Amino acid sequence: MPRLSLDDLYRLAVPSDPQVRPGSAAVAYTLTTAERDTDDNVTQIWLAAPGSEPRRLATGTLPRWSPDGGTLAFVRPVDGKPQIHLLPMDGGEPRVLTAAPLGAGAPLWSPDGTRIAYGGPHFAPSADGPDPNAPIVADRLDYKADGPGLLRGLTSHVFVVDVDSGALTQVTEGDFHAAGPAWSPDGQRLAFTTSMEPDRDLVPGGAVYVVDATGGEPKRLTTQDVVCTGVWWLGGRLVATAFKDGPIGHTRLFAVGEDGQEEIVTGLDRNVMVGGPGYPGAPPALDGGDLVFCARDGGATHLYRLRGGAVAAEKIVGGELSVSGAGVADGRVAYVAASPYTVGEVYLDGEKLTSLALAGVELYPPRARVFTAPDGTRVEGFLTGDAKGGPLLLDIHGGPHNAWAPVFDGVHLYHQVLAARGWTVLTLNPRASDGYGEAFYTAALGEWGVADAHDFLSAVDELVADGTADPERLAVTGYSYGGYMTCYLTGHTGRFKAAIPGGLVSDLTSMAGTSDAGYFLKMWECSGDPAPQSPLTRVGEVTTPTLILHGDADDRCPVGQAEQWFEALREREVPVRLVRYPGGSHLFIVQGRPSHRYDYNERIIAWLEQWVSGSPN
Ligand SMILES: CSCC[C@H](NC=O)C(=O)N[C@@H](CC(C)C)C(=O)N[C@@H](Cc1ccccc1)C(=O)O
């Protein structure tokens, strides 16, 4: 059976956001595909059920069932702005419910099904506003965000719309971002998370607030010693995700009451995952009296159940699956999970409802391998490919608190193409990776590179020593923190014949002042002396031919980080090339133009063929 080719990027269908239809065994979910002719990513909503073929319902995202299952709300652009639509399941076309000037976010039905709440962008009266020529004023560091770019005073607030009349109520207002609303069981109040502190850009302080669904003064419920990131009303209980004692370390679950919060004991030393691009997971949910939530274990995201009154959660979806979405209703649990053979399938109570694996393509499944760092630390990794003694590509994940899972992710297609050409790809989870406990997760704080470099080099040494890898044909790549580490490593060793840093960081000092997360990184993640942690400090030692790939509109790792590295290598006549992707945010390799994602993969392969395999590209 043929191996994967980069053109398979246009055959991939990535499922997400499974939603169980109340009163039935059907599941609504989204499928995202890359369209070659429009060079765009298209998301459609499908419906699957046991014993029937999945069928497409509509083009759109964020499907949400009404409490009686009779109507499906979803989001689709109208004149370029995302608006909430309502699709009656007994027939007929969807109708547009909102006309939000800047668009509407995920729909949230009230318990009685008469209203829908959503979070949406909103310009406060005092904001710079949408005039592109107005001066842009900043008094705090949260003036831009990767993706949206310069915010110009844009905030996010909670709105409620009446399903029948369309009457709109703005529930929150002010110079703060109200995110992720949750209805109270009686439909009278909404909970949300925000920080209203004047210096919230300097002191991360997300808190849970509640407010009447008709508006008014929000009331804070959580105390300063937790930093809340999300809240859900599950039965009669408010459940929040939060960091304890500061914005670092694992995300935990808390029960929130009128007088504060109490951590929910799960018996796990694992990071709760609510889901996001590149960080698979799902919001916590209630199944009867049980809490169902995602946590990362060994690089993969698994699904857990904490039974009412229990102090230890049990894993209900694990093994070779990595969960990237889940939904619960009427005692049924739907989830989307990737495996070594598919970017994702939709399941209901363990039964696979879809068949989305690439037909006619044989994938190389990642093989787990445990390495031992010089200080004795156990470091898990995965090998893709079945060659022995051939070229080796070390691929470094981002974060640094991300992690590789042993699954086919549909982003790093070059792994499969290289494996078919006799390469071995090593995807390693060094210290600071997620899924191995909080001590491991925080083991590189303030010591980026210094703490974790030898995890990588010792693993490569082991593969050379056992004959898996040819020491004369070693290469390294990585994106974001992985791009940072790629640069760092080539400043400390000449063993790699090629380096391909993507979305990189070269200088922690300039990064602190120019990244949308610069202050956070400087104060909490790479808080030590920037010099030994910055790749630029040792750029004079670099001899490795380097291909730099960077989104031109990246506000997380600004393109200036790539320009500094490019100039420093070019000045020293190290073979170097800089490729910038117009309009590319930090996430362009996941969510960007299909042609850019294809090009990213293609250039990596070509650079490796040119500088490692010796064959001209
Ligand atoms: C409040 S931002 C905290 C930093 C955040 N780290 C999480 O561990 C982050 O953005 N890290 C960057 C690198 C850092 C700026 C040096 C990063 O590596 N981010 C992502 C990038 C990404 C995400 C999803 C899909 C593709 C790439 C990563 O984990 O790879």
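As the structure is a prediction and not an experimental result, all values here were calculated from the model. (Residues numbered from 1 in each chain as written. Predicted model: local features only at pLDDT ≥ 70, side-chain atom pairs only at ≥ 80, totals over all residues. Heavy atoms only, no water.)

Engineer: Quick question: what am I supposed to make of the overall build of the chain here?
Structural biologist: When you go through the chain residue by residue, the secondary structure sums to 10 helices and 38 strands. By the compact-globule yardstick of 25 Å for 617 residues, the chain fits well, its C-alpha radius of gyration being 24 Å. Expressed along its principal axes, the backbone C-alpha trace of the chain runs to roughly 70 × 55 × 50 Å. Each of the 617 residues in the chain was classed as buried or not, and the buried ones make up 56%. Taking all contacts inside the chain whose residues are at least 6 apart in sequence as the whole, residues at least 24 apart take part in 56%. (Helix = DSSP H or I, 4+ residues; strand = E, 2+ residues; numbered from the N terminus. Rg over C-alpha atoms; globule rule 2.2 N^0.38 Å. Buried < 20%, exposed > 50% of the residue type's maximum accessible area, 1.4 Å probe, protein only. Contact = heavy atoms within 4.5 Å.)

Engineer: What should I look at first to understand the pairing of strand β27 (residues 322–329) in this one?
Structural biologist: Both faces of the sheet carry side chains from a regular strand, because those side chains alternate between them. For β27, a buried count of six out of eight residues is recorded, marking the element as mostly surrounded by other parts of the structure. With seven bridges connecting them, β27 and strand β28 (residues 332–339) associate as antiparallel partners. Bridged to Ala329 within β28 is Arg332. Hairpin connection of β27 to β28: two residues between the antiparallel strands, including Asp330 at a positive phi of 50°. (Pairing = 2+ DSSP bridges.)

Engineer: Help me understand the side chain of Ser110 in this model?
Structural biologist: Within the secondary structure layout, Ser110 lies in the loop between β9 (108–109) and β10 (115–123). Looking at Ser110, its side chain comes within polar contact range of the side chain of Asp112, at 2.6 Å. If we ignore the near neighbours within four places in the chain, the residues touching Ser110 are Pro67, Arg115 and Trp183. (Polar contact = N/O pair within 3.5 Å; in protein donor to acceptor, adjacent residues only side chain to side chain.)

Engineer: Is there a simple way to think about the sheet that holds strand β36 (residues 498–502) in this case?
Structural biologist: Sheets are built from strands paired through backbone hydrogen bonds, the pairs being either parallel or antiparallel. Spatial strand order, β31-β32-β34-β33-β35-β36-β37-β38: eight strands in an open sheet with mixed pairing. Edge positions in the open sheet fall to β31 (367–372) and β38 (576–581), since each of these has one partner strand only. On average, each strand axis in the sheet is inclined to that of its neighbour by 20°, with strand direction left out of account. In the sheet, strand β32 (residues 378–384) pairs with strand β34 (residues 424–429) via five bridges, with the strands oriented antiparallel. Bridge pairing in β34 places Thr384 opposite Val425. Across the sheet, helix α8 (residues 559–571) touches β37 (546–551) and β38, and the angle it forms with β38 is around 160°. (Axes fitted to C-alpha atoms, helices over the stretch in contact; angles between N-to-C directions.)

Engineer: Before we go on, may I ask you to explain the environment of Tyr279 in this structure?
Structural biologist: Relative to the helices and strands, Tyr279 resides in the loop between β22 (260–263) and β23 (285–287). Between the alpha carbons of Tyr279 and Val208 there is a distance of 23 Å; along the sequence they are 71 residues apart. With residues near it in sequence (within four places) discarded, Tyr279 still touches Met273, Arg296, Gly399, His401 and Asn402.

Engineer: It is not clear to me how the sheet that holds strand β19 (residues 226–234) should be interpreted in this structure. Could you clarify?
Structural biologist: Strand order across the open sheet formed by four strands is β19-β20-β21-β22, with antiparallel pairing between neighbours. The sheet terminates laterally at β19 and β22, the two strands that pair on one side only. The mean inter-strand angle of the sheet, taken between neighbouring strand axes irrespective of direction, is 35°. Looking at chain direction, strand β20 (residues 237–244) and strand β21 (residues 252–257) are connected through five bridges and run antiparallel. Looking across to β21, one finds that Ala242 is bridged to Arg252.

Engineer: When you look at the UniProt feature "domain: Peptidase S9 prolyl oligopeptidase catalytic" (unreviewed entry) in the chain in this model, what are you seeing that I'm missing?
Structural biologist: With numbering aligned to this structure, UniProt lists the feature "domain: Peptidase S9 prolyl oligopeptidase catalytic" (unreviewed entry) at residues 415–613. Secondary structure over residues 415–613 splits into 44% helix and 17% strand, and the C-alpha atoms at its two ends are 15 Å apart. (UniProt positions renumbered as here; feature names shortened; annotations may be inferred.)

Engineer: In this structure, what is going on with the nonpolar core? I would like to understand it.
Structural biologist: Soluble globular proteins tend to bury their nonpolar side chains together. Among the nonpolar cores identified, the biggest contains 36 residues, and Leu4, Phe408, Leu418, Leu549, Tyr600 and Leu608 are the most heavily contacted of them. Put simply, the parts of the chain that give this core at least two residues each are α1 (414–420), β35 (469–479), β36, β37, β38, α9 (588–591) and α10 (594–611). The element best represented in this core is α10, accounting for six residues. Excluding anything up to four places from it in sequence, Leu549 contacts Ile500, Pro501, Gly502, Gly503, Val579, Tyr581, Tyr600, Arg603 and Ile604. Core analysis: the second largest hydrophobic core is formed by 33 residues, Phe371, Leu394, Leu474 and Met511 among them. (Core = buried A, V, L, I, M, F, W, Y, C linked by side-chain atoms within 4.5 Å.)

Engineer: Help me understand the pattern of salt bridges, please; the structure alone is not making it clear to me.
Structural biologist: Pairing is possible between side chains of opposite charge, provided their charged atoms come close. All chains considered together, the criterion is met by 36 salt bridges. In this structure, the salt-bridge partner of Asp297 is Lys315, at a minimum N-O distance of 2.7 Å. On the criterion of sequence distance, the pair formed by Asp297 in strand β24 (residues 290–297) and Lys315 in strand β26 (residues 314–317) is long-range, its members being 18 residues apart. The class of Asp297 is partly exposed, set by a relative accessible area of 22%. Note that Asp516 is salt-bridged to Arg556, the shortest N-O span being 2.6 Å. Taken together, the positions of Asp516 in the loop between α5 (508–514) and α6 (518–525) and Arg556 in the loop between β37 and α8 put the pair 40 residues apart, joining distant regions of the chain. (Salt bridge = Lys/Arg side-chain N within 4 Å of Asp/Glu carboxyl O.)

Engineer: Explain the packing of aromatic side chains to me, please; I cannot follow it from the model alone.
Structural biologist: Any two aromatic rings considered together are summarised by their centre-to-centre distance and by the angle between their planes. A complete count under the given rule lists 17 aromatic pairs for this structure. On the numbers, 6.0 Å between centres and 75° between planes, the contact of Tyr479 with Tyr600 is edge-to-face. On the criterion of sequence distance, the pair formed by Tyr479 in strand β35 and Tyr600 in helix α10 is long-range, its members being 121 residues apart. What makes Tyr479 buried here is its relative accessible area of 10%. Note that Arg3 overlies the ring of Tyr364, its terminal NZ or CZ placed 3.6 Å from the centroid. The residue whose ring lies beneath Arg36 is Tyr10, and the NZ or CZ to ring-centre distance is 4.0 Å. (Phe/Tyr/Trp six-rings, centres within 6.5 Å; stacked < 30°, edge-to-face > 60°. Lys NZ or Arg CZ within 6 Å of the ring centre and 35° of its normal.)

Engineer: Please explain the confidence of the model for the chain as it appears in this structure.
Structural biologist: Caution applies to low-pLDDT parts of the model: their predicted coordinates are not meant to be read in detail. On average, residues of the chain score 96 in pLDDT, and 99% of them reach the 70 mark or higher. Among the scores for the predicted complex, ipTM is 0.94 and pTM is 0.97. (pLDDT = per-residue confidence, 0-100.)

Engineer: Explanation requested: the site of the ligand in the structure shown.
Structural biologist: Not every one of the 22 residues close to the ligand is listed here, only the nearest: Tyr279, Gly399, Asn402, Ser480 and Arg556. Within the side chain of Ser480, a nitrogen or oxygen atom sits 2.6 Å from an oxygen atom of the ligand. For the ligand, whose unbound accessible area comes to 670 Å², protein coverage reaches 85%. Its residues assigned to classes, the shell around the ligand shows 14 nonpolar, seven polar and one charged. (Near = heavy atom within 4 Å. Areas by Shrake-Rupley, 256 points an atom, 1.4 Å probe, with all protein chains shown as cover. Nonpolar A, V, L, I, M, F, W, Y, C, P; charged D, E, K, R; others polar.)

Engineer: Would you take a moment to explain unusual backbone geometry for this structure?
Structural biologist: The bulk of non-glycine residues show a negative phi, and the bulk of peptide bonds are trans. Along the chain, Gly399 connects to Pro400 via a cis peptide bond; the corresponding omega equals 15°. With respect to the secondary-structure elements, Pro400 resides in the loop between β33 (390–396) and α1. For Asp39, which is not a glycine, the phi torsion comes out positive at approximately 50°. Its location among the elements puts Asp39 in the loop between β2 (27–35) and β3 (40–49). Residue classification places Asp39 among the buried residues on the basis of a relative accessible area of 16%. Within the chain, Ala432 stands out as a residue other than glycine whose phi angle is a positive 90°. Position of Ala432 among the secondary structure elements: in the loop between β34 and α2 (438–441).

Engineer: Please explain the packing of helix α3 (residues 453–465) against helix α4 (residues 481–490) as it appears in this structure.
Structural biologist: Packed helix pairs are characterised by how far apart their axes lie and by the angle those axes make with each other. The N-to-C vectors of α3 and α4 enclose an angle of 70°; their axes lie 11 Å apart at closest approach. Judged on the interaxial angle alone, α4 and α3 are roughly perpendicular. The segment α3 lies against α4, with Ala453, Phe456 and Leu457 engaging Met485, Tyr488 and Leu489. In terms of residue class, the contact of α3 with α4 is built from six nonpolar, no polar and no charged. (Parallel < 35°, antiparallel > 145°, perpendicular 65-115°, else oblique.)

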